[in-house]
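Structural features, examined
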Amino acid sequence: MSFLRRFVLHNIGLKLFSLLMAVLLWVGVSQYYQGRGEEVLWETHIDLHSPPQNLEVSSVSSPKAKLWLSGPSRIVDHMGPNSVRVGLDLANAQPGERAYPLSSRNVDVPAGVRIRHIDPEQVQIRLDFRKSRVVEVRPRVVGRLASGLVITSVLADPSRITVAGPARQVDLVDSVLTDPVDATGLLSEHTFTTNVSVSDPMVQVVNPQPVRVTVFVGKSSQRRD
């Protein structure tokens, strides 16, 4: 008991006060390092929402935005690819080109994160009337045949498909190409199943479906019409 009184209970109030202050100091330092500000540069795509049904986006001056963000490390360090979103509402858009401003109102960020700067501050977007068109399917055949053999003809089924998009871009598309089919080693007629693609990303294939490409092979002296 004398040991307890001498070393434990002696000045117990001062000892408890010191312990309390040490705990508060530790909590304060922890909160400081967890909550101290951190700045990051973030790059993300600009989402274009709700364009009118009869209009298509034909060009965008900048498909991505750079954002300078700041916030507590405990938040910034755990942000994932979808934590920051930038969007523009095109519901009331008209045909033609227009500059759309980008501000903090167009950006969704986690609570506690601040937006310090956005680049670009505005985006030029052009919208055209939507148009569809039927175009030719052109097969792409690669590879070498054995000596004395040649490809006499190539047929695509379907031979024509419908594409759609902004009128200006659709008018420039007169055909679409299939993905390459490899005819290496063919000795006779063979049918491949493949897909088509449009070089302009603004133009899409309507109701895409597989395309059957039939390659006809014959001797070099033969030719099919």
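The structure we're discussing is the one just above.
Description of the structure in this document. Just so it is clear, the model here is predicted, and its values are computed rather than measured.

The rules behind these values
- Residues numbered from 1 in each chain as written.
- Predicted model: local features only at pLDDT ≥ 70, side-chain atom pairs only at ≥ 80, totals over all residues.
- Heavy atoms only, no water.
- Helix = DSSP H or I, 4+ residues; strand = E, 2+ residues; numbered from the N terminus.
- Buried < 20%, exposed > 50% of the residue type's maximum accessible area, 1.4 Å probe, protein only.
- Contact = heavy atoms within 4.5 Å.
- Core = buried A, V, L, I, M, F, W, Y, C linked by side-chain atoms within 4.5 Å.
- Pairing = 2+ DSSP bridges.
- Axes fitted to C-alpha atoms, helices over the stretch in contact; angles between N-to-C directions.

So, about the environment of Val-113. One can find Val-113 in the loop between strand 6 (107-108) and strand 7 (114-119). Under the relative-accessibility criterion, Val-113 is labelled buried at 9%. Separated by 40 residues in sequence, Val-113 and Ser-73 place their C-alpha atoms 9.8 Å apart. Once residues lying within four places of it in the same chain are set aside, the contact partners of Val-113 are Leu-69, Ser-70, Gly-71, Ile-75 and Met-79.

In terms of nonpolar packing, the biggest core is built from 22 residues, with Leu-67, Leu-102, Ile-125 and Leu-127 touching the most fellow members. Going through the elements one at a time, strand 1 (37-49), strand 2 (55-60), strand 3 (64-72), strand 4 (85-89) and strand 8 (122-138) are the ones with two or more residues in this core. With residues near it in sequence (within four places) discarded, Ile-125 still touches Leu-48, Val-57, Ser-59, Val-60, Leu-88, Leu-90, Gly-96, Glu-97, Arg-98 and Tyr-100. In terms of nonpolar packing, the next biggest core, distinct from the first, is built from 20 residues, Val-137, Val-163, Val-170 and Val-173 among them.

Strands sit in the order 10-17-14 across an open sheet of three strands; the sheet is antiparallel. Unpaired on one side and paired on the other, strand 10 (149-157) and strand 14 (190-194) mark the two borders of the sheet. On average, each strand axis in the sheet is tilted by 25 degrees relative to the strand beside it, whichever way the strands run.

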